Protein chains: 2
Amino acid sequence: MPEAASAAATRATIGDSEFDRDTAVTRRAPGVYDIDLSAGWTIINAVNGGYLLAVLGRALGDALPHPDPFTISAHYLTASQPGPAVVRTETVRTGRSLSTGQASLLQYDDEGNEVERIRVLASYGDLDALPDDVRTSAKPPAIPPPDQCFGPEDGPAPVDGSSAIADRLMLKLDPGTLGWALGQPSGRGEMRAWFGLADGRDADPLSLLLAVDALPPTAFELGLKGWVPTVELTAHVRCRPAPGPLRVSITTRNLAGGFLEEDAEVWDSADRLVAQSRQLARVRLG
Amino acid sequence: MPEAASAAATRATIGDSEFDRDTAVTRRAPGVYDIDLSAGWTIINAVNGGYLLAVLGRALGDALPHPDPFTISAHYLTASQPGPAVVRTETVRTGRSLSTGQASLLQYDDEGNEVERIRVLASYGDLDALPDDVRTSAKPPAIPPPDQCFGPEDGPAPVDGSSAIADRLMLKLDPGTLGWALGQPSGRGEMRAWFGLADGRDADPLSLLLAVDALPPTAFELGLKGWVPTVELTAHVRCRPAPGPLRVSITTRNLAGGFLEEDAEVWDSADRLVAQSRQLARVRLG
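Residues numbered from 1 in each chain as written. Chains lettered and ligands numbered in written order. Predicted model: local features only at pLDDT ≥ 70, side-chain atom pairs only at ≥ 80, totals over all residues. Heavy atoms only, no water.

**Q** Could you clarify how one ought to interpret the overall build of chain A in this entry?
**A** Each helix and strand counted, chain A has four helices and 15 strands in total. On C-alpha atoms alone, chain A measures out to a radius of gyration of 19 Å, which is about the 19 Å that the 2.2 N^0.38 rule sets for 286 residues. The dimensions of chain A, computed from C-alpha atoms along their principal axes, are 50 × 50 × 40 Å. Of all 286 residues assigned to chain A, the portion counted as buried reaches 57%. At a minimum sequence separation of 6, the contacts of chain A that also span at least 24 residues come to 70%. (Helix = DSSP H or I, 4+ residues; strand = E, 2+ residues; numbered from the N terminus. Rg over C-alpha atoms; globule rule 2.2 N^0.38 Å. Buried < 20%, exposed > 50% of the residue type's maximum accessible area, 1.4 Å probe, protein only. Contact = heavy atoms within 4.5 Å.)

Shown next, in the form of structure tokens:
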């Protein structure tokens, strides 16, 4: 078998990949799902917020009559831990082309009490039913080719702490937004990267929910260090992504009063703007 | 009395204005509020979504231990009508500096059944407790002075239909984003305006929730006509606004598949970025 064909044969596919297995929810009763949160998607020992959003998005995709998250708003309440969790969903409204649902991710404390981790509201539709018209004025971000970009494997780990998620992502950061890793942050609130899953699984609407919250925080390029916890994140999925790597561009315009916004755009290999997100996050000023 | 002092004396104040009276909710029981939705905030006979968001925001401000909406996400389910409505709130989490709540706006159909109009999730804090640091790179939009901008009172009504809200707003549109009203839309997804309440009441966090959804849709400048209903809108209030008129800038980058996003920025007279919002809206392509 030629090498290229061999490599293609070993690529994970949508529905049969680690990401799919680690976001799989088991329906225990109508609107109640069990999930074992994987330790594989932690960053500095915290479970990645985008992975958690994908778990909630998957439960809602099962509970609602429409398959795809068009807009999903998550308020992050307490820090999730790897291990057992429950998702409770509620169907808020069912319409012809859109339906709206709510979901909560819950875990248990040492006394067995339920602790809510995240609550989301989302409106779902069918991306494949949308017309093909595009009148966008948005342009894809200019990022050098992947072989001129840098990932965690290209040097000393740029972030302290164990980050299992790094092994599961293909993340190649634009050198233009990598000054922070060299001790020379640009002062601009920008972060850009090529993004994919390390096992070669192509992107789908659920992995876009991961993509919008998987880059290093823009705060690093603003000269800040330390954790930037998300208060709220809303993502819009605008188009089913084409196969191939994604480009993710994140910008922050307003760092003030100990909070900042992160606006993400995700572009697919066909130059379509496939997702947009905005989050409000806290910063600790040094 | 000098004229200036006389004019100042007749200006409405925060807490004692039509906007305050029309968003007033009456607590019937813990977490249950009655409101009579005013017909004064309708646009083309629909109740304005920003006014409704302010009503929900006000109920949550009463229900939660923190006063100010830091981030509020609303999913619009069915069209509200002027008249009686109920707001039901739930406290999701109470923290030291932030608390999170949920609220639903409900009305009744002809058979007396509850119909949910809007559901929101929001995280509240205390704007006055935030540090004064500002490291923003955002710049206020360039809008000509108000006397070089145009409102509904400056010519034939640019939008067909009765719009009571126009009498309650000071809205002066940048002529650079007014081509649509002259039959010559620019093709750029931009809308900019000076914004205030017509009775002179200064802005506060609740009126910012109105400001982010009170301009004509950017779709008009993209050459589209007709209604652009909001699916979901998330607003971040970043700073208590200074007295004086606001500047609102709205941009759309991506019109595709029958949906578009509208990103709003609201600036106060002290050149502070006081609110940001993004909504996902449907468009009907002509």
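**Q** Help me understand helix α3 (residues 49-63) of chain B, please; the structure alone is not making it clear to me.
**A** Along an α-helix, residues three or four positions apart point the same way, because every turn accommodates 3.6 residues. Residue and element names in this part refer to chain B. With 15 residues, α3 should cover 21 Å at 1.5 Å per step; its first-to-last C-alpha distance of 21 Å lies within 8% of that length. The element α3 is extensively covered by neighbouring structure, given that eleven of its 15 residues are classed as buried. Within α3, burial applies to Gly-49, Gly-50, Tyr-51, Leu-52, Leu-53, Ala-54, Val-55, Leu-56, Gly-57, Ala-59 and Leu-60. Backbone nitrogen of Gly-50 and a side-chain oxygen of the N-cap are separated by 2.8 Å at the start of α3; the cap is Asn-48. (Expected span 1.5 Å × (residues − 1). Polar contact = N/O pair within 3.5 Å; in protein donor to acceptor, adjacent residues only side chain to side chain.)

**Q** Before we go on, may I ask you to explain the side chain of B:Ser123 in this structure?
**A** The residue B:Ser123 is located in strand β8 (residues 114-125) in this model. At 2.9 Å, the side chain of B:Ser123 and the side chain of B:Thr100 are in polar contact.

**Q** Looking at this model, I keep getting lost on the relation of the copies chain B and chain A. Mind explaining?
**A** Screw-axis analysis of chain B against chain A gives a translation of 0.0 Å along the axis, an RMSD of 0.0 Å, and a rotation angle of 180°. Look at the turn and shift together and you get a two-fold axis relating the two. Among all residues of chain B, the minimum C-alpha distance to the rotation axis is found for B:Ser73, at 3.3 Å. Of the interface residues in chain B, 100% have counterparts in chain A that sit at the interface too, so the contact is made through matching surfaces. (Least-squares fit on C-alpha atoms with pLDDT ≥ 70 in both.)

**Q** Any chance you could explain the interface of chain B and chain A here in plain terms?
**A** By convention, interface size is frequently given as the accessible area that disappears when the constituent parts associate. Counting from both sides, the interface comprises 57 residues of chain B and, opposite them, 57 residues of chain A. For the chain B and chain A pair, buried surface summed over both sides reaches about 4900 Å², with 50% attributable to carbon and sulfur atoms. Of all residues in chain B, B:Arg135, B:Arg238 and B:Arg253 bury the most surface against chain A, accounting for 15% of the area lost on that side. Counting across the chain B and chain A interface gives eight salt bridges. Between A:Asp263 and B:Arg278 there is a salt bridge, with its nearest N and O atoms 3.6 Å apart. (Buried area = accessible area lost by both parts, 1.4 Å probe. Salt bridge = Lys/Arg side-chain N within 4 Å of Asp/Glu carboxyl O.)

**Q** Can you help me understand the UniProt feature "domain: Acyl-CoA thioesterase-like N-terminal HotDog" (unreviewed entry) in chain A in this one?
**A** Per the UniProt annotation, the sites labelled "domain: Acyl-CoA thioesterase-like N-terminal HotDog" (unreviewed entry) are residues 38-123 of chain A. A distance of 26 Å separates the end C-alpha atoms of residues 38-123 of chain A, which is 17% helix and 52% strand. (UniProt positions renumbered as here; feature names shortened; annotations may be inferred.)

**Q** Just checking my understanding: could you explain the domain arrangement of chain A for this structure?
**A** Residue and element names in this part refer to chain A. For chain A, the assigned domains read domain 1 (12-127) and domain 2 (146-282). Computed from C-alpha coordinates alone, the two centres of domain 1 and domain 2 are separated by 21 Å. The interface is formed by 34 residues belonging to domain 1 together with 35 residues belonging to domain 2. For domain 1, the biggest contributors to the area lost against domain 2 are Phe-19, Ile-44 and Leu-127; these three give 20% of the whole. For the interface between domain 1 and domain 2, the tally reads three salt bridges. Asp-20 serves as the salt-bridge partner of Arg-201, at 2.8 Å between the closest nitrogen and oxygen. Seen at the junction of domain 1 and domain 2, the total is 15 residue pairs in polar contact (both at pLDDT 80 or more). Those elements giving two or more residues to the side of domain 1 that touches domain 2 turn out to be α2 (18-22), β3 (42-43), α3 (49-63) and β5 (68-76). (Domains from an automatic or database assignment.)

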